[in-house]
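An overview of the molecular structure
So you can see what is in the structure, the chains are spelled out below.
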Amino acid sequence: MGENTTKKQNKELAEELFETKRLFENLGVSPSILEDEKVIEILANKEIRDTIEKYEEDVAKEIAARIAIAAHRIRNKDEVVKISRILGMDEVVNTIRKYKGSPAKEIADRIANAAYILRNEDEVVKISRILGMDEVVNVIRKYEESVAREVADWIARIAYELRDEEALIEIARTIEKYEGNVARKIANKIAFVAYLLRDKDEIVKISRILGMDEVVNVIRKYEEDIAKEIADRIATTAYELRDEEALIEIARTIEKYEGSIAKEIAYRIAISAYELGNKDEIVKISRILGMDEVVNTIRKYEGVAAEEVAIWIGAAAHASRNKDEVAKISRILGMDEVVNTIRKYEGSVAREIVDLIVATFYESEDENEAIRIGKILGMDEVVNVIKKYKGVTAEEVAIRIVYAITELRDASKVTRLIRFTEKFGEDIFDFFSSRELYKVINLGLDNLVRDKKDLYAIAIYIKSNKELPLPTKNNIDNYLDLALNHLKSKYGLKKDINYDQLLLLFSTQRHLREEIINLVNISKEVNPKYYSLSIKDGDNSLNYSRKDLEKYSIIAIVGSKNKNLEKEAIKIISSIVGEKTVNRARNEFYKNYRNLIREIANAFNEKNYEKAISILKQTNNEAIIDVINAINYRDVNINSNVVKAVESKNPLDYDNRIQMACVYLPYGARMEDGILKYCKDDRIKLIKYDIGNKTLGSAICYLEDKKLLVDSIEGHRRFRKEEIFEIVYRDLIERAKEWGVEIVIFNTNVMNETSRKFLDYLKRKNLEEKEIEMKLNTGAYLEAKKPIRGYIVRISQ
């Protein structure tokens, strides 16, 4: 009998626990919490279920979730029941029932949180009583649901911090004076201040300031998005100063401005209040920014230019607190010559132009100099060249030209600089620093330049710092040979190097050139691999014989009776030169050269592919020649569809301007653990990735005990493409196999943007991320830190 009773009791208990779990699952409690048997045992308590049943569905779910979390964290039945008992008290239930929808859930959540933290009936009832006051409930009911939810949240937090009915009534009345998102922002700021100060009198003082008609009416003047930001800044200022008269003055200043400018002025005053914390000084700054001279100047501008002018004048007011000094800057920025110049620009470039004019005034302390700069920046030649570019490039061009104006101090030289910049576009900045550009203009070398080859010549001369003779009309055509011969005779260079490598070598310090050249002399390109950018999925590696490509290029242009062979030829050649190029060549051939089919077919059938190709070349048709160039895909310089990946320890293959790594040349030659050390260490593997004869980027790897650390991937914006990253990833895994590697670690402790973008790409592959021990027994610089954290690929040999 006793045994049967026990079985029955166990069965009933199991059923009760099952029903409890199902109840809380239906109430939306996280399954991971309900997997814990101890939690279910606690939640099976009748008092807990009775509490939950006192609430309507949405709020019941909120209460159930809070109690379940408490059970999961505390794991003490008595404590959890105490929390539940508090939440089931009439005062608490009746308060929460006064609210509907998401505000009810928010209030329930906050009271439940108070019960969990305090576990004190009297304190929770006090908070609940405050939140149930008509003055509080009616304020929250005023707003539409999404705003009401957040206002309810912030008011509940304030109630928790202060636990004072009169204070909450005052605060509620202040919030009620505002609409929508502005009310939400005001409630948020008061809650934050309550958390920081926890002083009823101080919080009420700040709330009264924010509720003054003079403040409310100013904020109401603006559209909601701007008003919200201004409210935030004014609330910050009120917190810092806690002075009604000061806030009235500040509000009157802000009111003189429109839209985003008012936001900037409010921001400036808030920052000054935070940094200075002195009422009299902030009022002084506010009065300066409210002067007619200042207001009228800023009103002359629009958009980001107006914002930037406001920022500069605001910064001047903060720095000097001297109305005469600020009036002087305001007068310069308000002059027609300056205003008309800035109006010619848009967006971030207009912002940059304002910066440069003001900076000129500060540096020279001469308003005439700032006006002169402004006039030159307004010249049509200057405006037109800057407008040719977009975004960051436009800003850079503007900066370079303005610096040139201040350095050259000659309008005719500035005009020459602009024409020089126009001729070569943004590439000019890959060749010269600002000071080097001025040197080019001052020496008249810009007058020698006809094409890119001449540009390299004068750049190499400038970088050589007079080690090479001055370029002239007589020697410029042979200048690159002249530079190469100089390196061979003076430093023992044994190889011909290309223009970019020459430029890079002369960019390094003279005393390092011999060491660099010794490494260049012994370097070799090892294990080149080729990949197609045209193949998006599957194996995109290219490994075709010249003979096969001769045959396929002819078929791709002319066609074949064997349609399967023709499809294969088009696919293979398209993988090298692109499908559009193949289609263009086929169209050109059938439109203009069909009469050559028989002659080409005869040569093809005799397997005399060179003759057939010769016939096609004689057309001199650009599209047809582009397809034939597929035969030389390993060598051709113009192909933009083939990526060449090759291991190289030639330091001149690693250019910081392109690959964005501080350890690369020219600056990396000066670092003790820079590129020269990489090239000397057999454990360091450097792989560069080229398209045609242009390097896109590179990988720095370290090999140790069958582990390959891919320390970083370096490159410019052009390298940050998904299809290129996939090639880099596949290429490195393939090389790892060839090196006998068992595990590849892609280091996640990286700094440069390209490295981070590459890791973002790897993240989508769902690779394992963990820490791996490696000795890192090298003197070369590695970004990885011991132990190495990275994405892991295990190689099955």
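On a predicted model such as this, the values are computed, not experimentally measured, just so you know.

The next point concerns the side chain of T341. Topologically, T341 is positioned in helix α23 (residues 336-343). Using a relative accessible area of 4% as the deciding quantity, one classes T341 as buried. Separated by 2.6 Å, the side chain of T341 and the backbone oxygen of G374 make a polar contact. The residues contacting T341, other than those within four sequence positions of it, are I353, G374, K375, L377 and G378.

This brings us to empty space enclosed by the protein. Considering all chains together, one arrives at two cavities of 30 Å³ or more under this definition. There is about 50 Å³ of room inside the largest cavity. Around the largest cavity, the lining residues are V710, D711, S712, I713, F746, N747, V750, S755, F758 and L759. At the level of elements, β6 (707-715), β7 (743-747) and α44 (753-763) are the ones that each hand at least two residues to the lining of the largest cavity. Broken down by class, the residue content of the lining of the largest cavity amounts to six nonpolar, three polar and one charged.

Tallying each qualifying case throughout the model produces 63 salt bridges. Two residues, R683 and D681, come together in a salt bridge whose shortest N-O distance is 3.1 Å. With a closest N to O distance of 3.8 Å, K706 and E742 form a salt bridge. On the criterion of sequence distance, the pair formed by K706 in the loop between β5 (694-704) and β6 and E742 in the loop between α43 (722-738) and β7 is long-range, its members being 36 residues apart. A residue is classified by how much of its surface remains accessible, and E742, at 42% relative accessible area, is partly exposed. Each of K189, E229, D232 and R233 takes part in a single network of salt bridges with overlapping partners.

Averaged over every residue, the pLDDT of the protein chain is 89; residues scoring 70 or more account for 96%. No element of the protein chain has a lower mean pLDDT than helix α27 (residues 391-408), at 67, and none a higher one than β7, at 96.

Right, let's talk about the sheet that holds β7 for a bit. In spatial order, the strands read β2-β1-β3-β4-β5-β6-β7-β9-β8; together these nine strands make up an open sheet with mixed pairing. Both outer strands of the open sheet, β2 (541-542) and β8 (768-772), are each paired with one neighbouring strand and no more. Relative to β7, β6 is paired through four bridges, and the arrangement is parallel. Of the residues in β7, the one forming a bridge with L709 is I745. Packed onto the sheet, α43 meets β1 (525-532), β2, β3 (642-648), β4 (684-691), β5, β6, β7 and β9 (788-794) and runs at close to 140° relative to β1.

Once that is clear, we can look at a nonpolar patch on the surface. Nonpolar side chains collect at one region of the surface, where F192, Y195 and L196 lie side by side and expose about 310 Å² of accessible area between them. Examined against the element boundaries, F192 turns out to sit in helix α13 (residues 180-197).

Orientation of helix α16 (residues 224-241) relative to helix α17 (residues 244-255), taken along the N-to-C sense of each, is 155°, at an axis distance of 10 Å. It follows that α16 is roughly antiparallel to α17 by the angle criterion. Both α16 and α17 take part in a crossing whose hand is right-handed. Residues I230, I234, T237, A238 and L241 of α16 form the contact with α17, whose participating residues are A246, L247, I250 and I254.

Turning next to the pairing of β6. Burial of β6 is extensive: eight of the nine residues sit out of reach of the surface. Looking at chain direction, β5 and β6 are connected through eight bridges and run antiparallel. Residue pairing across strands places G697 opposite G715, the latter belonging to β6. The hairpin formed by β5 and β6 contains two residues between the paired strands, and D705 there has a positive phi angle of roughly 50°.

To continue, consider the packing of aromatic side chains. Here the structure, examined in full by the defined rule, presents 17 aromatic pairs. Look at Y689 and F719: their rings are 6.2 Å apart centre to centre, the planes differ by 35°, and that puts the pair in the tilted class. Here the residue Y689 occupies a position in strand β4, and F719 occupies one in the loop between β6 and α43, the gap between them amounting to 30 residues. The buried category is assigned to F719, whose relative accessible area is 0%. Relative to F758, the ring of F725 lies with its centre 5.3 Å away and its plane at 75°, an arrangement referred to as edge-to-face.

Turning next to the side chain of S84. Along the polypeptide, S84 turns up in helix α6 (residues 77-87). For S84, a relative accessible area of 0% corresponds to the buried category. S84 has contacts with E47, I48, T51 and I67, leaving out every residue within four places of it along the chain.

Here the focus is unusual backbone geometry. Most peptide bonds take the trans configuration, and most residues that are not glycine carry a negative phi. With an omega of 5°, the peptide bond running from L665 to P666 counts as cis. By the element assignment, P666 lies in the loop between α41 (656-659) and α42 (675-680). With an omega of -15°, the peptide bond between K786 and P787 qualifies as cis. Within the fold, P787 resides in the loop between β8 and β9. Unusually for a residue other than glycine, R242 sits at a positive phi of about 50°. R242 gets classed as partly exposed once you look at its relative accessible area, which sits at 24%.

Rules of the game
Residues numbered from 1 in each chain as written. Predicted model: local features only at pLDDT ≥ 70, side-chain atom pairs only at ≥ 80, totals over all residues. Heavy atoms only, no water. Helix = DSSP H or I, 4+ residues; strand = E, 2+ residues; numbered from the N terminus. Buried < 20%, exposed > 50% of the residue type's maximum accessible area, 1.4 Å probe, protein only. Polar contact = N/O pair within 3.5 Å; in protein donor to acceptor, adjacent residues only side chain to side chain. Contact = heavy atoms within 4.5 Å. 1 Å grid on protein atoms, 1.4 Å probe; cavity = no way out; pocket = protein on both sides within 12 Å on 5 of 7 lines; lining within 4 Å. Points joined across faces, edges and corners; volume = space filled by probe spheres on them. Nonpolar A, V, L, I, M, F, W, Y, C, P; charged D, E, K, R; others polar. Salt bridge = Lys/Arg side-chain N within 4 Å of Asp/Glu carboxyl O. pLDDT = per-residue confidence, 0-100. Pairing = 2+ DSSP bridges. Axes fitted to C-alpha atoms, helices over the stretch in contact; angles between N-to-C directions. Patch = residues over 30% accessible without salt bridge, like charges linked within 9 Å, V, L, I, M, F, W, Y side chains within 5 Å. Areas by Shrake-Rupley, 256 points an atom, 1.4 Å probe, with all protein chains shown as cover. Parallel < 35°, antiparallel > 145°, perpendicular 65-115°, else oblique. Left-handed = near helix turned anticlockwise from the far one by under 90°. Phe/Tyr/Trp six-rings, centres within 6.5 Å; stacked < 30°, edge-to-face > 60°.

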